[in-house]
Amino acid sequence: MVHGMTHSRTRISKAVIPAAGLGTRFLPATKATPKEMLPVVDKPAIQYVVEEAVSARLSDVLMITGRNKRPLEDHFDRNYELEEALTRKGDESRLARVRESSDLATIHYVRQGDPRGLGHAVLCAEPHVGDQPFAVLLGDDLIDPRDPLLARMIDVQEQHGGSVIALMEVDPAQIHMYGSAAIVPTGDRDVVRVTDLVEKPDTGQAPSSYAVIGRYVLDPAVFEVLKKTEPGRNGEIQLTDALRELSGRDVHGGPVHGVVFRGRRYDTGDRGDYLRAIVRLACERDDLGPEFRSWLRSYVTEEMQE
Ligand code: UTP
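What counts and how
- Residues numbered from 1 in each chain as written.
- Predicted model: local features only at pLDDT ≥ 70, side-chain atom pairs only at ≥ 80, totals over all residues.
- Heavy atoms only, no water.
- Salt bridge = Lys/Arg side-chain N within 4 Å of Asp/Glu carboxyl O.
- Helix = DSSP H or I, 4+ residues; strand = E, 2+ residues; numbered from the N terminus.
- Buried < 20%, exposed > 50% of the residue type's maximum accessible area, 1.4 Å probe, protein only.
- Phe/Tyr/Trp six-rings, centres within 6.5 Å; stacked < 30°, edge-to-face > 60°.
- Near = heavy atom within 4 Å.
- Polar contact = N/O pair within 3.5 Å; in protein donor to acceptor, adjacent residues only side chain to side chain.
- Areas by Shrake-Rupley, 256 points an atom, 1.4 Å probe, with all protein chains shown as cover.
- Nonpolar A, V, L, I, M, F, W, Y, C, P; charged D, E, K, R; others polar.
- Patch = residues over 30% accessible without salt bridge, like charges linked within 9 Å, V, L, I, M, F, W, Y side chains within 5 Å.
- Core = buried A, V, L, I, M, F, W, Y, C linked by side-chain atoms within 4.5 Å.
- Contact = heavy atoms within 4.5 Å.
- Axes fitted to C-alpha atoms, helices over the stretch in contact; angles between N-to-C directions.
- Left-handed = near helix turned anticlockwise from the far one by under 90°.

1. Some thoughts on the pattern of salt bridges
So, point 1. For the coordinates displayed, the defined rule picks out 28 salt bridges.
So, point 2. The closest approach of N and O atoms between Arg 264 and Asp 147, which form a salt bridge, is 2.9 Å. Linking Arg 264 in the loop between β12 (256–260) and β13 (265–267) with Asp 147 in the loop between β7 (141–143) and α7 (150–160), this pair joins segments that are 117 residues apart in sequence.
So, point 3. By relative accessible area, which is 27% here, Arg 264 ends up partly exposed.
So, point 4. Close ionic contact of Arg 249 with Glu 245 constitutes a salt bridge, the shortest N to O distance being 3.1 Å.
So, point 5. A relative accessible area of 23% means that Arg 249 is categorised as partly exposed.

2. Some points on the packing of aromatic side chains
So, point 1. All chains considered together, the criterion is met by four aromatic pairs.
So, point 2. For the ring pair Phe 26 and Tyr 274, a centre distance of 5.1 Å and an interplane angle of 80° mean the geometry is edge-to-face. You can see Phe 26 sitting in the loop between β1 (14–19) and β2 (39–40) and its partner Tyr 274 sitting in helix α10 (residues 271–284), a full 248 residues away along the chain.
So, point 3. Residue Phe 26 is classed as buried on the basis of its relative accessible area, which comes to 10%.
So, point 4. With a centroid separation of 5.1 Å and 15° between ring planes, the pair formed by Trp 295 and Tyr 299 is classed as stacked. Taken as a pair, Trp 295 and Tyr 299 lie in helix α11 (residues 289–305) at a separation of four residues, close to a single helical turn.

3. Details of the site of the ligand
So, point 1. Every one of the 19 residues lining the ligand counts as a neighbour, but Thr 24, Arg 25, Glu 36, Gln 112 and Gly 117 are closest to it.
So, point 2. For the ligand, an oxygen atom lies 3.1 Å from a polar atom in the backbone of Leu 22.
So, point 3. Here an oxygen atom of the ligand and a side-chain polar atom of Arg 25 are 2.8 Å apart.
So, point 4. Relative to its unbound accessible area of 570 Å², the ligand is 85% covered by the protein chains.
So, point 5. Those elements that provide at least two residues to the shell around the ligand are β1 and α5 (118–123).
So, point 6. Grouping the constituent residues of the shell around the ligand by class yields eight nonpolar, six polar and five charged.

4. Focus on a nonpolar patch on the surface
So, point 1. Together, Trp 295, Tyr 299, Val 300 and Met 304 make up a nonpolar patch on the protein surface, roughly 440 Å² of accessible area in all.
So, point 2. Look at Trp 295 and you get partly exposed, because its relative accessible area is 45%.

5. Looking at the nonpolar core
So, point 1. Counting residues in hydrophobic clusters, the biggest one holds 42 residues, and the most contacted among them are Ile 46, Leu 58, Met 63 and Leu 137.
So, point 2. Counting residues per element, this core draws most heavily on helix α1 (residues 45–55), which supplies six residues.
So, point 3. If we ignore the near neighbours within four places in the chain, the residues touching Met 63 are Ile 17, Ala 19, Ile 46, Val 50, Leu 72, Phe 76, Ile 107, His 108, Tyr 109 and Val 110.
So, point 4. Val 129, Leu 226, Ile 237 and Ala 242 belong to the second largest nonpolar core, which has 34 residues in total.

6. Observations concerning the environment of Pro 133
So, point 1. Within the secondary structure, Pro 133 sits in the loop between α6 (126–129) and β6 (134–137).
So, point 2. For Pro 133, a relative accessible area of 5% translates into the label buried.

7. Topic: the packing of helix α8 (residues 221–228) against helix α9 (residues 239–247)
So, point 1. The N-to-C vectors of α8 and α9 enclose an angle of 120°; their axes lie 9 Å apart at closest approach. In this structure, α8 meets α9 at a crossing whose hand is right-handed. Between α8 and α9, the residues in contact are Val 222, Val 225 and Leu 226 and Leu 239, Ala 242, Glu 245 and Leu 246, respectively.
So, point 2. Looking at side-chain class alone, the contact of α8 with α9 contains six nonpolar, no polar and one charged residues.

8. Here's the deal with α1
So, point 1. The element α1 is largely enclosed, with a buried count of eight among its 11 residues.
So, point 2. Within the span of α1, buried status applies to Ala 45, Ile 46, Gln 47, Tyr 48, Val 49, Val 50, Glu 52 and Ala 53.
So, point 3. The first or second residue beyond α1 is Arg 57, which carries a positive phi of 60°.

Structure representation (structure tokens):
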């Protein structure tokens, strides 16, 4: 391990998945269950996120959990009772599905006592992460596995050093719901240099319609910045505010580059997007798709006649 270097040669291997938010937009479903456990078709949202980390060769996963951590831990642990029952029935395919999540990766857990914001959640990862760059994947943000993003972000971090965020162009009327980035182009079509960031800008104040989405590759210098970051929007310690500080640096955590994502993404913490994710992914499934699609077609036809 090389100490004190911001531009490391060791391939990034650690993924941090914050899943300690209150999920108030989804109450009452999230009263006793983390929103990351809500099923998207038949798998909890968080399992898609862990699968994405694993396919980007991030073998060490740290999950930041909150007061409802039990269901998350249990989901990625063995369930011997269920396995035994399915074995007795000879139900191999369901048995495989039960084991899938516990065989995925080695997952570590740390608790964020008080949900003081995404920045604070990331800061809880410091003792585990140490002094190497690491990835952050938001537990309620789904990136379609056919549109790989994280591997590209890791390449960009290895090429430029500093930190890398994921950006997506959104309707200007929607930008107030996201972090917004001021950007300048680079030689690569999908890579931009980030020069400023504003979390949930007021109308007319957004530097661009490029929105920050839930994937990051961060230099560990972000921890020192987060320790000094005052609560911002909604009284929460915002990761965007710490990244804003890094975007003004050339070393020690900066520069900040953005990878522009043009693929499919769902924010499962938002009810509308959650429903769209389920419909789309169900339609595309080999087992459920054909029947569901034909039902959906007749449902839509009926709706249009009303
Ligand atoms: P959100 O901004 O969606 O906030 O968090 P939230 O509190 O979970 O949900 P709402 O807005 O009340 O419905 C983005 C990600 O950051 C995590 C969440 O779990 C989610 O994956 N997070 C947020 C934390 O881990 N800790 C926090 O203090 C805040």
